[in-house]
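Notes for the structure review
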Amino acid sequence: MEIDGFRGQLITAGHTEYDTARAVWNGAVDRRPRLIARCSGTADVAAAVRFARDHDLEIAVRGGGHNVAGTAVCDEGVVIDLSSMRAVWVDPAGRTARVQGGALWGDVDHESQVHGLATTGGIVSHTGVAGLTLGGGIGFLMRTYGLTVDNLLAAEVVTADGSVLRASADDHPDLFWALRGGGGNFGVVTSFRFALHPVGPAVMAGPVFWAADDTTDVLRFYRDFAAEAPDELGTVVRLGTVPPLPVVPEDLHWRPALAVVCCYAGAVQDGERAVRALRRFRTPLLDLVAPKPYVAHQCSTDDTVPHGWHYYWKSTDLTGLCDDAIAVIADHAYRAGSPRSYAVMFHMGGTVARVPHDSTAYAGRDVAHNINIDAVWRPDESGEQAAAETAWARRFLHALRPHRVGSVYVNFLDSDDGTDRVREAYGDRTYRRLAEVKAKYDPDNAFHHNKNVHPG
Ligand SMILES: Cc1cc2nc3c(=O)[nH]c(=O)nc-3n(C[C@H](O)[C@H](O)[C@H](O)COP(=O)(O)OP(=O)(O)OC[C@H]3O[C@@H](n4cnc5c(N)ncnc54)[C@H](O)[C@@H]3O)c2cc1C
């Protein structure tokens, strides 16, 4: 297969790289595209979009390849693969970064931290910038600096007819609004320009672990602690087992436990004060909070979620952490069959909640906490194990029903979360507005291999 003017790599079945090129982070996803167009730049992306449209082929767009639903690859069709487009250019004086559409968060942190700068990104460094940003972008810095989309200044976009547009507050502002939360529905983003902020390079950060038996008491304490926390303190609760990382003593490996993972986006001494009460609560199993390079903290859990394991997610925003919700969480979190399965809860609020709600397409700004239930099993484990883990995640979500707000983070939806859950992610008003923008920029729904917004 040939694409006129294409300078990157074209990979089809039979090519030595075909199997690695079609693999995504979630090893349970096994799709066989007709063509993988590994682009070398914007011109290649435009050529690949036109080629797919001219030949009436399905289109999938790959940034970091991290989405649990595996929408970065399709069966048959063309994968427009940006994984060779990972450059990051930082302007330290202007405090901005231009980031290519296939970059990972580790690439952004690596280049920005040379200048003591950062922007809100994901909590795992091998997550793609593009998919994360287009869905909203939550992470340790969001309570101080807002969501990733709140830091997006401009994007270069290849639209469904193959034209190249700039989207910003002044250029195509309707498209710019939709890109900030509406996912990959509106075109292929070949580069992003982000605002950066002074962070670190050393930050007070890391997890405090407690035994699973202490979950109810720790979560009740955490609810009040988090509600009073300064914006600079980002926390994520992880419930499951203690991961067998080199920094963890061997006798604790795989022990059922919960952790509150902290990152203070300010002076280390202030961070020390902000986390003191948490670290003194009860008797932690392990306290790894310490001053450390921000980049080290950002990749500290990378090995707990490697590429190639099998994953299945269920997620919801929560009304709050009332005692009943905590009881459900404590009851279900440790019932998974696999020690690799876990649940993760992000503390939202701060700047996220203060940004005007209709200024972007991200809909969950009022929410204090969300939860993502992550069923995990290894590729060599049996079909029964897979069924048991996915059933655990579904039961856990079902039990949380009374505490669900009716919104969900779109980037945590899995492949069996249908149209109703995409609508749930946005709410009716935002969904309708997204559908109008979709009708203008992609009326034929060429970009539908995603959390789809139908042109309306
Ligand atoms: C281990 C792990 C940790 C995570 N942690 C966080 C976190 O801390 N915060 C958070 O907010 N999210 C987090 N996520 C969710 C993450 O935001 C999504 O998985 C996101 O889709 C990843 O982006 P990607 O570029 O790797 O996606 P891909 O799988 O490459 O793409 C997913 C979809 O995004 C769209 N897309 C991708 N690239 C482009 C592009 N260049 N232009 C247009 N559309 C594009 C397409 O529709 C595509 O189908 C995490 C995910 C994982 C697996």
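Definitions and limits used
- Residues numbered from 1 in each chain as written.
- Predicted model: local features only at pLDDT ≥ 70, side-chain atom pairs only at ≥ 80, totals over all residues.
- Heavy atoms only, no water.
- Near = heavy atom within 4 Å.
- Polar contact = N/O pair within 3.5 Å; in protein donor to acceptor, adjacent residues only side chain to side chain.
- Areas by Shrake-Rupley, 256 points an atom, 1.4 Å probe, with all protein chains shown as cover.
- Helix = DSSP H or I, 4+ residues; strand = E, 2+ residues; numbered from the N terminus.
- Pairing = 2+ DSSP bridges.
- Axes fitted to C-alpha atoms, helices over the stretch in contact; angles between N-to-C directions.
- Contact = heavy atoms within 4.5 Å.
- Parallel < 35°, antiparallel > 145°, perpendicular 65-115°, else oblique.
- Left-handed = near helix turned anticlockwise from the far one by under 90°.
- Nonpolar A, V, L, I, M, F, W, Y, C, P; charged D, E, K, R; others polar.
- Domains from an automatic or database assignment.
- Buried area = accessible area lost by both parts, 1.4 Å probe.
- Salt bridge = Lys/Arg side-chain N within 4 Å of Asp/Glu carboxyl O.
- UniProt positions renumbered as here; feature names shortened; annotations may be inferred.
- Core = buried A, V, L, I, M, F, W, Y, C linked by side-chain atoms within 4.5 Å.
- Buried < 20%, exposed > 50% of the residue type's maximum accessible area, 1.4 Å probe, protein only.

Details of the site of the ligand
Close to the ligand lie 35 residues, the nearest being Gly63, Gly65, Thr71, Ile138 and Tyr409. One of the side-chain nitrogen or oxygen atoms of Thr71 is found 2.7 Å away from an oxygen atom of the ligand. Coverage of the ligand by the protein amounts to 97% of the 950 Å² it exposes when considered alone. Mapped by element, the contributors of at least two residues to the shell around the ligand are β3 (59-62), α4 (129-135) and β10 (188-195). The biggest single contributor to the shell around the ligand is α4, with 4 residues.

Brief notes about the sheet that holds β3
The strand order across the open sheet formed by 4 strands is β1-β2-β4-β3, and the pairing between neighbours is mixed. In the strand order of this sheet, the two ends are held by β1 (9-11) and β3, each with one partner. Pairwise comparison of adjacent strand axes, ignoring direction, gives a mean angle of 20° for this sheet. As paired elements, strand β2 (residues 33-38) and strand β4 (residues 76-81) share 5 bridges and run parallel to each other. Residue pairing across strands places Arg38 opposite Asp81, the latter belonging to β4. Sheet strands in contact with helix α2 (residues 42-54) are β2, β3 and β4, and its direction is about 170° off that of β4.

Things to note about the packing of helix α7 (residues 215-228) against helix α10 (residues 323-332)
In the contact formed by α7 and α10, the axes pass within 9 Å of each other and the chain directions differ by 140°. On the basis of the axis angle, α7 is oblique to α10. When the axes of α7 and α10 are compared, the crossing they make is right-handed. Counting all contacts with α7, which are made through Thr215, Thr216, Leu219, Arg220 and Arg223, the residues of α10 involved are Asp323, Ile326, Ile329 and Ala330. Tallied by class, the residues present in the contact of α7 with α10 amount to 4 nonpolar, 2 polar and 3 charged.

Section: the domain arrangement of the chain
Assigned domains of the chain: these are domain 1 (9-81), domain 2 (88-198) and domain 3 (202-412). For domain 2 and domain 3, the distance between their C-alpha centres works out to 24 Å. Listed by partner, the interface residues are 31 residues for domain 2 and 42 residues for domain 3. A combined buried area of about 2900 Å² lies between domain 2 and domain 3, and 59% of that area is made up of carbon and sulfur atoms. Contact with domain 3 buries area across many residues of domain 2, yet Ile138, Phe140 and Arg143 alone supply 32% of it, more than any other trio. Along the contact surface separating domain 2 from domain 3 lie 2 salt bridges. Between Asp150 and Arg365 there is a salt bridge, with the nearest N and O atoms lying 2.7 Å from each other.

Examining the UniProt feature "domain: FAD-binding PCMH-type" (unreviewed entry) in the chain
Here the UniProt-annotated "domain: FAD-binding PCMH-type" (unreviewed entry) positions come out as residues 29-199. Secondary structure over residues 29-199 splits into 23% helix and 29% strand, and the C-alpha atoms at its two ends are 36 Å apart.

Points about the nonpolar core
The nonpolar side chains of a soluble globular protein tend to be buried, and buried together. If you look at the biggest cluster of nonpolar residues, it comprises 41 residues, and the most contacted ones within it are Ile329, Ile371 and Phe396. What Ile329 contacts, discounting residues up to four positions off in sequence, is Leu219, Leu239, Leu318, Leu321, Met345, Ile371, Phe396 and Leu400. In terms of nonpolar packing, the next biggest core, distinct from the first, is built from 40 residues, Val88, Val90, Leu132 and Val408 among them.

Side note on the sheet that holds β10
Pairing in this open sheet of 5 strands is antiparallel, and the strands run β5-β6-β10-β8-β9 from one edge to the other. If you trace the sheet from one side to the other, it starts and ends with β5 (88-91) and β9 (164-168), each paired once. Neighbour to neighbour, the strand axes of the sheet diverge by 15° on average, direction disregarded. Across 5 bridges, strand β8 (residues 152-158) lies against β9 in antiparallel orientation. Looking at the pairing, Ala155 lines up with Ala167 of β9. Relative to β8, α2 is tilted by about 50°, and along the sheet it contacts β8, β9 and β10.

So, the pairing of strand β19 (residues 369-377)
Judged by how many residues are buried, β19 sits mostly within the fold: 9 of 9 residues are covered. The alternating pattern of β19 places His369, Ile371, Ile373, Ala375 and Trp377 and Asn370, Asn372, Asp374 and Val376 on opposite faces, both of which are buried. Where strand β18 (residues 342-347) meets β19, 6 bridges bridge the pair, whose relative direction is antiparallel. Following the sheet pairing, Ala343 is matched in β19 by Ile373.

Brief notes about the pattern of salt bridges
Applying the stated criterion across every chain yields a total of 30 salt bridges. Where Arg273 meets Asp270, a salt bridge forms, and the shortest distance between an N and an O atom there is 2.6 Å. With a gap of 3 residues between them, Arg273 and Asp270 both fall in helix α8 (residues 268-279), about one helical turn apart. One salt bridge in this structure joins Lys314 and Asp417, with 3.0 Å as the shortest N-O distance. On the criterion of sequence distance, the pair formed by Lys314 in strand β17 (residues 310-318) and Asp417 in the loop between α12 (383-399) and α13 (419-441) is long-range, its members being 103 residues apart. The class for Asp417 is buried, based on a relative accessible area of 8%. Residues participating in the shared-partner salt-bridge network are Lys314, Arg394, Arg404, Asp416, Asp417, Arg421 and Glu424.

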